[in-house]
Amino acid sequence: MSRIAYVNGAYLPLQYAAVHIEDRGYQFADGVYEVVAIRHGRLIDLEPHLDRLWRSMAELHMAAPMDRGAMKVVYREVMRRNRVKDALLYVQVTRGVAKRDHGFPAAALPGFVVTCRRFDFGTVAARAKTGIKAVSQPDIRWGRCDIKSTSLLPNVLAKQAAKDAGGFEAVLVDADGKVTEGSSTNIWMVTKDGRLVTRSLEDNILPGITRAAVREIAEGFQMPVEDRAFSLDEAYGAAELFLTSTTSGAMPVVMLDGKKIGDGTPGPVATRLMAAYMDFMDRA
Ligand code: PDD
């Protein structure tokens, strides 16, 4: 069965789904996006993902392609036509097609694309049993990382550098030596005295939807979360390190820059949070 995409008003087989070469998403990365998990045929945390998309568009003075209700219909229709149960939904909105000029076009219809692909959450759970290796990289991004923009070149370069060094994810570090987030994940640590720490949303990172869900789970376990920046050295010396994202849940990081975190195996806090997050997705 061929995959079906929604592109600017039409549902098309993926090989025919295309956008105009003067779409500003293509020329300027003038677009925003979301990745939403689908588990057992249900969209996980749909409303927070829509809230964040609307916020990203508003921050960039970008018009929405349709209202939220209509957008949900499109999401569900893409899921239905692709007959997916466990999958990732990709949503992208751009400022549309216009003659190339840096300033905003006077009148352009927003570009809107939705695709989905099957995704095996079993692989994620299996990966969490051994944990992943990460590699630090300088954070060379801009000052508005709170916006989920398609302008991802620094993230792409960091992720590739991590992969080249045998890692699964890049841990980004700012000019003060503090961890910001991953190339496509939020980063957390558990200190040796058992405190759960992750960088504040006020501090130029993406407000991860999984970050919020995992935080709620942790608080339900009477594990308060400290929102503060922590250094790369603190991360090396942490009892546990883990990352959160739609595609990774709460994933233990067992090695950073070739140094073992804790005893080099997934710790109890990350393991418990991952199990609870998988449970939350199962019950959503
Ligand atoms: N990435 N930080 C960055 C820079 C991200 O790109 C992402 C998500 C996250 C985690 O956010 P969430 O929990 O809402 O997935 C944090 C998506 C998955 C991606 O680009 O594929």
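Residues numbered from 1 in each chain as written. Predicted model: local features only at pLDDT ≥ 70, side-chain atom pairs only at ≥ 80, totals over all residues. Heavy atoms only, no water.

## Thoughts on the domain arrangement of the protein chain
Taken domain by domain, the protein chain holds domain 1 (4-119) and domain 2 (124-283). One C-alpha centre belongs to domain 1, the other to domain 2, and the line joining them spans 26 Å. At the junction of the two partners, domain 1 supplies 24 residues and domain 2 supplies 22 residues. Between domain 1 and domain 2 lies a buried interface of about 1900 Å² when both sides are counted; carbon and sulfur atoms form 60% of it. Joining domain 1 to domain 2, the criterion identifies three salt bridges. One salt bridge in this structure joins R39 and D282, with 3.3 Å as the shortest N-O distance. Taken together, the elements giving at least two residues each to the side of domain 1 that touches domain 2 come down to strand 3 (31-39), helix 2 (46-59) and strand 5 (87-94). Among the elements that line the side of domain 1 that touches domain 2, the one with the most residues is strand 3, at eight residues. Split into classes, the residues belonging to the side of domain 1 that touches domain 2 amount to twelve nonpolar, five polar and seven charged. (Domains from an automatic or database assignment. Contact = heavy atoms within 4.5 Å. Buried area = accessible area lost by both parts, 1.4 Å probe. Salt bridge = Lys/Arg side-chain N within 4 Å of Asp/Glu carboxyl O. Helix = DSSP H or I, 4+ residues; strand = E, 2+ residues; numbered from the N terminus. Nonpolar A, V, L, I, M, F, W, Y, C, P; charged D, E, K, R; others polar.)

## Re the sheet that holds strand 6 (residues 111-118)
What the six strands build is an open sheet, ordered 2-1-6-5-3-4; its pairing is antiparallel. Bordering the open sheet on either side are strand 2 (10-13) and strand 4 (42-43), each of which pairs with just one other strand. Most of the contacts of helix 2 go to strand 3, to which it runs at about 175 degrees, and overall it touches strand 3, strand 4 and strand 5. Each of strand 1 (4-7), strand 2, strand 3, strand 4, strand 5 and strand 6 touches helix 3 (residues 68-82); the most contacted strand, strand 6, lies at about 35 degrees to it. (Pairing = 2+ DSSP bridges. Axes fitted to C-alpha atoms, helices over the stretch in contact; angles between N-to-C directions.)

## Section: the pattern of salt bridges
Within the structure shown, the criterion is met by 25 salt bridges. Between D193 and R195 there is a salt bridge, with its nearest N and O atoms 2.7 Å apart. On the accessibility criterion, D193 (55% relative accessible area) is exposed. A relative accessible area of 35% means that R195 is categorised as partly exposed. Ionic pairing is found between R199 and D203, a salt bridge with its closest N-O pair at 3.4 Å. Classification of R199 by relative accessible area gives buried; the value is 5%. (Buried < 20%, exposed > 50% of the residue type's maximum accessible area, 1.4 Å probe, protein only.)

## Things to note about unusual backbone geometry
In this model, N8 sits at a positive phi of 45 degrees, which is unusual for a non-glycine residue. Its location among the elements puts N8 in the loop between strand 1 and strand 2. Although it is not a glycine, N204 adopts a positive phi angle of roughly 60 degrees. Relative to the elements of secondary structure, N204 occurs in the loop between strand 11 (196-198) and helix 6 (209-220).

## Considerations on the nonpolar core
Counting residues in each nonpolar core, the largest one holds 47 residues, and the members touching the most others are L196, F230, L241, F242, L256 and L273. The element contributing the most residues to this core is helix 8 (residues 268-283), with eight residues. Both of domain 1 (4-119) and domain 2 (124-283) provide at least three residues apiece to this core. If we ignore the near neighbours within four places in the chain, the residues touching L241 are I187, W188, M189, F230, A235, M251, P252, V253, L256 and I261. (Core = buried A, V, L, I, M, F, W, Y, C linked by side-chain atoms within 4.5 Å.)

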